[in-house]
Amino acid sequence: MTDARKTVLITGCTPGGIGHALALEFQKQGARVFATARRTEVLEDLRAKGMEVLALDVTSDESVRAAAASLRELTGGKLDVLVNNAGRMYTMAALDADIPHAEAIFNTNVFGPMRTVREFGPMVVAARGKIVNNAANAAHIPMPLHGVYGATKAAVLSFGDSLRLEMKPFGVEVITLLTGGVTTPGYSNERTTDIPTDSLYASVYPKVDKVILDGSSGAMPAEEYARKVVSTVMKPGAPKWFWVGSNSTVVWVLSTLLPRWLQDNIVSGMWGLSSLTPEKK
Ligand SMILES: NC(=O)c1ccc[n+]([C@@H]2O[C@H](COP(=O)([O-])OP(=O)(O)OC[C@H]3O[C@@H](n4cnc5c(N)ncnc54)[C@H](OP(=O)(O)O)[C@@H]3O)[C@@H](O)[C@H]2O)c1
């Protein structure tokens, strides 16, 4: 008997995070889910729920190719939805950034989706399916001390916009998630501990840390986020950019309707940068 369920592959499905919540929700809404992570042992609960699990490290060409080969065998070469979710955060001012670390963040957040699109894309084309890229509000609005992270997400947004045009002739839709706050361990996992002692921003890091932690404790639960995303992705004619997560509407208004000088003033004040002067660091 043929399996009529839509096939969905998601990167970065570690428990507690967005990928895990998306996997559960896609399955709930009737999809055949391929949950992936760098370490498959973290996917046991999803396997126990009937999902198929694959090892996939988005920074490794070999790993992405191997996962694509497995999927080709399992589905006969078709994939209805590819969700590029795996990502890492980096909180560090430009003057303090560790470049090898910044490169590693780019490798995951930007080259990761590029690799998966390269390898899984032909299967999405065969299914006339959808590609979903998880960007962030930070792709659209400046987020002080997050220039590296914001740059990766702006790159994801831009990559998705070009990809949309390239995929359209083949009936493939490309959706970028402009994700706002979602309650996950994402920030705590990547919390910065190696701030240079002579940093010009030494007084700002604790304020930024507080803004993010306060924001994430009151953020949208991952399950609610997943419900909104999956319902939107599964319907025909999904929006090309989907603003979702806490504060998304506020960020949309700030970044779309206000002039850049006003955005800069509001954001600088919010993140404690306006208290810095050449004399007072
Ligand atoms: N939570 C938010 O408020 C928020 C806001 C905007 C955007 N986002 C975006 O949403 C996505 C998910 O974030 P999250 O909050 O759920 O964070 P999370 O809980 O830390 O999840 C990140 C996932 O990415 C995986 N990952 C990291 N490097 C990987 C690699 N090389 N290969 C494969 N998987 C890798 C992690 O796996 P390991 O467990 O192996 O590290 C984990 O499964 C990210 O792209 C993030 O930028 C989140």
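You'll find the structure just up there.
Residues take numbers from 1 onward in each chain, read along the sequence in its written order. A pLDDT threshold of at least 70 governs which residues receive local features in this predicted model, and a stricter bar of 80 or more applies before side-chain atom pairs are shown or counted, although totals over entire chains, interfaces and linings include all residues. In computing side-chain values, all of the structure's heavy atoms are included and hydrogens and water are not.

Undergrad: For this particular structure, what's the right way to read the site of the ligand?
TA: A cutoff of 4 Å decides nearness: a residue is near a molecule or strand if any of its heavy atoms lies inside that distance of it. Neighbouring residues of the ligand: 29 residues in total, closest T14, I18, R38, N85 and T184. The term polar contact refers here to a pair of N or O atoms within 3.5 Å; inside protein, the definition further demands a hydrogen-donor-capable atom paired with an acceptor-capable atom, and it admits residues adjacent in sequence only when both atoms are side-chain atoms. A distance of 2.6 Å is found between an oxygen atom of the ligand and a side-chain nitrogen or oxygen belonging to T184. Note that an oxygen atom of the ligand is positioned 3.3 Å from one of the side-chain N or O atoms of N189. Under the scheme used here, helices are H or I runs from DSSP no shorter than 4 residues and strands are E runs no shorter than 2 residues, and both carry numbers assigned from the N terminus. Those elements that place two or more of their residues in the shell around the ligand are α5 (147-167) and α6 (186-189). Polarity classes work like this: nonpolar for Ala, Val, Leu, Ile, Met, Phe, Trp, Tyr, Cys and Pro, charged for Asp, Glu, Lys and Arg, and polar for all others, with Gly in that last group. For the shell around the ligand, the residue count by class is 10 nonpolar, 14 polar and 5 charged.

Undergrad: Help me understand the pattern of salt bridges in this model?
TA: Side-chain pairs of opposite charge can arise where the charged atoms are in close proximity. Here, a salt bridge means any Lys or Arg side-chain nitrogen found within 4 Å of an Asp or Glu carboxyl oxygen. This model, assessed by the stated rule, comprises 7 salt bridges. R115 serves as the salt-bridge partner of D61, at 2.8 Å between the closest nitrogen and oxygen. With a gap of 54 residues between them, D61 in helix α3 (residues 61-75) and R115 in helix α4 (residues 99-127) connect regions that are remote in the sequence. Exposed residues in this analysis have more than 50% of their type's maximum accessible area, buried residues have under 20%, and partly exposed residues fall in between, with area computed by a 1.4 Å probe over protein chains only. Look at R115 and you get buried, because its relative accessible area is 17%.

Undergrad: Would you explain the packing of aromatic side chains in this entry?
TA: Given two aromatic rings, one states the distance between the centres and the angle between the planes to describe the pair. Working definition: a ring pair exists when centres of Phe, Tyr or Trp rings (six-membered ring for Trp) sit within 6.5 Å. Plane angles under 30 degrees give stacked, over 60 give edge-to-face, the rest tilted. On inspection of all chains with the given rule, the structure shows 0 aromatic pairs. The ring of W241 carries the charged tip of K240 above its face, separated from the ring centre by 4.8 Å. Sitting over a ring, as applied to charges here, requires NZ of Lys or CZ of Arg to be within 6 Å of the ring centre and within 35 degrees of the ring normal.

Undergrad: Would you take a moment to explain the packing of helix α1 (residues 18-28) against helix α8 (residues 222-234) for this structure?
TA: Pairs of packed helices are described in terms of their axes, by the angle between the two and the distance that separates them. Contact pair α1 / α8: the axes reach a minimum separation of 8 Å and the direction vectors enclose 55 degrees. What the angle tells us is that α1 and α8 run oblique. In the crossing of α1 with α8, the sense of the turn from one axis to the other is right-handed. Residue-level contacts link I18, A21, L22, E25 and F26 of α1 to A222, E223, Y225, A226, R227, V229, V230, V233 and M234 of α8. The class makeup of the residues in the contact of α1 with α8 is 11 nonpolar, no polar and 3 charged. Fitted lines through C-alpha atoms serve as axes, helices being fitted only where they are in contact, and the angles separating the N-to-C directions of these axes extend from 0 to 180 degrees. Note on angle classes: values under 35 degrees are labelled roughly parallel, values over 145 roughly antiparallel, values of 65 to 115 roughly perpendicular, and the remainder oblique. Note on convention: near helix rotated counterclockwise from far helix by under a right angle means a left-handed crossing. Clockwise means right-handed. The contact rule is simple, with two residues in contact once any of their heavy atoms fall within 4.5 Å.

Undergrad: For this particular structure, what's the right way to read the sheet that holds strand β1 (residues 7-10)?
TA: Two pairing modes exist for strands in a sheet, parallel and antiparallel, and in both the strands are linked by backbone hydrogen bonds. At least two bridges found by DSSP between two strands are what make those strands a pair. A sheet is described by the order of its strands in space; here 7 strands give the open sequence β3-β2-β1-β4-β5-β6-β9, paired in parallel fashion. At either margin of the open sheet sits one strand with a lone partner, and together these are β3 (52-55) and β9 (241-244). The average angle at which neighbouring strand axes cross in this sheet is 20 degrees, direction not considered. Of the strand pairs in this sheet, strand β5 (residues 130-134) and strand β6 (residues 173-179) are connected by 5 bridges, and their pairing is parallel. Its bridge partner being in β6, N133 is matched across the sheet by T176.

Undergrad: In this structure, what is going on with a nonpolar patch on the surface? I would like to understand it.
TA: A cluster of nonpolar side chains, namely W252, V253 and L257, defines an oily patch on the protein surface of about 270 Å² accessible area. As for its position among the elements, W252 is in helix α9 (residues 248-257). Patches here are clusters of residues that have more than 30% relative accessible area and form no salt bridge, with a 9 Å joining cutoff for like charges and a 5 Å cutoff for nonpolar side chains (Val, Leu, Ile, Met, Phe, Trp, Tyr). Residue-level accessible areas treat just the shown protein chains as cover; the underlying method is Shrake-Rupley with a 1.4 Å probe.

Undergrad: What is the right way to look at unusual backbone geometry in this model?
TA: For residues other than glycine, phi is negative in most cases, and the peptide bonds are mostly trans. Unusually for a residue other than glycine, L145 sits at a positive phi of about 70 degrees. With a phi close to 70 degrees, N247 is a non-glycine residue in the positive phi region. Take N247: it is sitting in the loop between β9 and α9.

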